[in-house]
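# Examination of the molecular architecture
Residues per chain are reported as follows:
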Amino acid sequence: MPPWDLSPEITTIIMCGGVLCTILIGMPIAFALAALSTVVGLLLVGPGVLEVFRIGIFSLCTSSGFLAIPLFIFMGNMVEKTGIAKRMFDTLYILMGNIPGGLTIAVIIIGTILAACVGVIAASIIMLGLIGIPIMLEKRYDKRIISGAICASGSLGILIPPSIMIVIWGPTASISVGKLFMGAFLPGLLLSGLYIGYNFIRCLAQPYLGPPANTAEAKISLKQKLIMLVVSLIPPLLLIFSVLGSILFGVASPTEAAAVGALAALLLAAGYRVLALKALKEVLLATLRTMGMVMGIAFGAKMFTSLFLQLQCGDVISDLFLAIPGGKWVIFLVIMVVFFILGMFIDWMGIIFIMVPIITPLGASLGFDPVWFAIMMMVNLQFSFITPPIAYAIFFLKGILKPEWGITTNDIVMGILPYIGLIMIALILCTLFPGIVLWLPRHMF
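Everything quoted here is computed from the prediction, not taken from an experiment.

A count of helices and strands for the protein chain gives 20 helices and zero strands. The globule rule puts the C-alpha radius of gyration for 445 residues at 22 Å, and the 23 Å found for the protein chain is close to it. Counting all 445 residues of the protein chain, 54% fall into the buried class. The long-range share in the protein chain, meaning contacts at least 24 apart out of those at least 6 apart in sequence, stands at 81%.

See the structure below:
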């Protein structure tokens, strides 16, 4: 007999409150989840809870979907070494320099392409910042406009496939990763289009924010510009097609496509003559470090959710949501608000591993399409990268700023505020027109 016998309601409060408190005091989320689960499990279940943890972690380790994670991380790290972003920016700088806000639009376009090549926001934001900031400051672009465009477009890497978030979400929710890839594609492009439209309209109305650059390079002939565009875009497009195309045409599963993408990134690095032993070692070490963090959180979260569901706490949460008056759309709105608030304080991986096993059955019981429901939550998590206090995009950009640039944290925060509204617009559009999410999955699968 376990020493304590508590009701599921009290257990739910203890576990949810315990996780929130330990994370807010600065304890790493992986250790917070594992420690809390162990203590509560031994008190309420007894030594037998260790077998529950073993089964949960074993099922996680043997899931074929999770094999894709290190491969996609490797692909992104390898792309970072090829100089793809620099080549694209040089080309788009010439093509779009004379358009109001043209350089921020170029940054967003490159961020969108990198999202489909890299899928890691840290790498995207760092590359975009180091390449774009000096040139945009030289052309007298507003510091807030610069900061907002880099943070928002760099964060698209977690949504536009192939995305690590989707690769983790699929097995956790028992949803096809391929369907999620297709479902996230158009919402990701929608966000990118909204970002581009905002920058163009605002800089057109207020030219001093992003003045056209009257550069000598603009005199290059149209033929030369087209050649430069094709040459700079072919490598990333080949990489994207090697991954998404193999899934789209049924040639490979997402895990196999990840291996194809990793191989394509290696060949790309070799083609650019940057595949040195030292670079390969750095990429492998970076992949190992990132994968260690992912699996640490995954193990802790698996322990937490296994115990949480066994103690019937999941039923308590479901009953609590279902008891909300107003119908399924009010419940959906409450879930979205909960995700938004969690995103302000908790790492997105922690949110996925903790919340997805709980809310996925709830979404099904409300009658929502599982792919649409999952993608809506993922678009919602775009907020988490740009909303303080836990806003990784801000931290990544702040970490590369040079004193001579004169960009402050206030510039970054004020620059990203309009993008919060743009993400809300995207969520509303995807709610009113679910075909934005479901059209590709329904036609491709």
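Moving on: the pattern of salt bridges. Per the counting criterion, the structure on display carries two salt bridges. Linking arginine 54 and glutamate 51 is a salt bridge whose minimum nitrogen-to-oxygen distance equals 2.7 Å. With arginine 54 and glutamate 51 both in helix H3 (residues 49–61), this residue pair falls three residues apart, about one helical turn. Assessed through its relative accessible area of 46%, arginine 54 is described here as partly exposed. One salt bridge connects aspartate 411 with arginine 144, and the closest N-O pair in it is separated by 3.8 Å. Taken as a pair, aspartate 411 in helix H19 (residues 409–432) and arginine 144 in helix H8 (residues 143–154) lie far apart in primary sequence, 267 residues in all. Overall, the relative accessible area of 12% leaves aspartate 411 in the buried class.

What follows covers the nonpolar core. Membership of the largest hydrophobic core comes to 161 residues, with the highest contact counts inside it found for Trp169 and Met377. Among all residues touching methionine 377, those that are not within four sequence positions of it are Trp169, Phe332, Ile335, Met336, Phe339 and Ile359.

The subject of this paragraph is the packing of aromatic side chains. Counting across every chain of the model gives 14 aromatic pairs. Centroid distance phenylalanine 72 to phenylalanine 181: 6.2 Å. Interplanar angle 75°. Geometry classified as edge-to-face. Of this pair, phenylalanine 72 sits in helix H4 (residues 68–80) while phenylalanine 181 sits in helix H10 (residues 177–205), and the two are 109 residues apart along the sequence. Of the two residues, phenylalanine 72 and phenylalanine 181, neither departs from the other in class, the shared state being buried. Ring geometry for tyrosine 198 and tyrosine 419: centres 5.5 Å apart, planes at 75°, overall edge-to-face.

Take the environment of leucine 92 next. Relative to the elements of secondary structure, leucine 92 occurs in helix H5 (residues 84–96). Residue classification places leucine 92 among the buried residues on the basis of a relative accessible area of 9%. For the pair formed by leucine 92 and isoleucine 105, sequence separation is 13 residues and the distance between their alpha carbons is 9.0 Å.

The rules we used
- Residues numbered from 1 in each chain as written.
- Predicted model: local features only at pLDDT ≥ 70, side-chain atom pairs only at ≥ 80, totals over all residues.
- Heavy atoms only, no water.
- Helix = DSSP H or I, 4+ residues; strand = E, 2+ residues; numbered from the N terminus.
- Rg over C-alpha atoms; globule rule 2.2 N^0.38 Å.
- Buried < 20%, exposed > 50% of the residue type's maximum accessible area, 1.4 Å probe, protein only.
- Contact = heavy atoms within 4.5 Å.
- Salt bridge = Lys/Arg side-chain N within 4 Å of Asp/Glu carboxyl O.
- Core = buried A, V, L, I, M, F, W, Y, C linked by side-chain atoms within 4.5 Å.
- Phe/Tyr/Trp six-rings, centres within 6.5 Å; stacked < 30°, edge-to-face > 60°.

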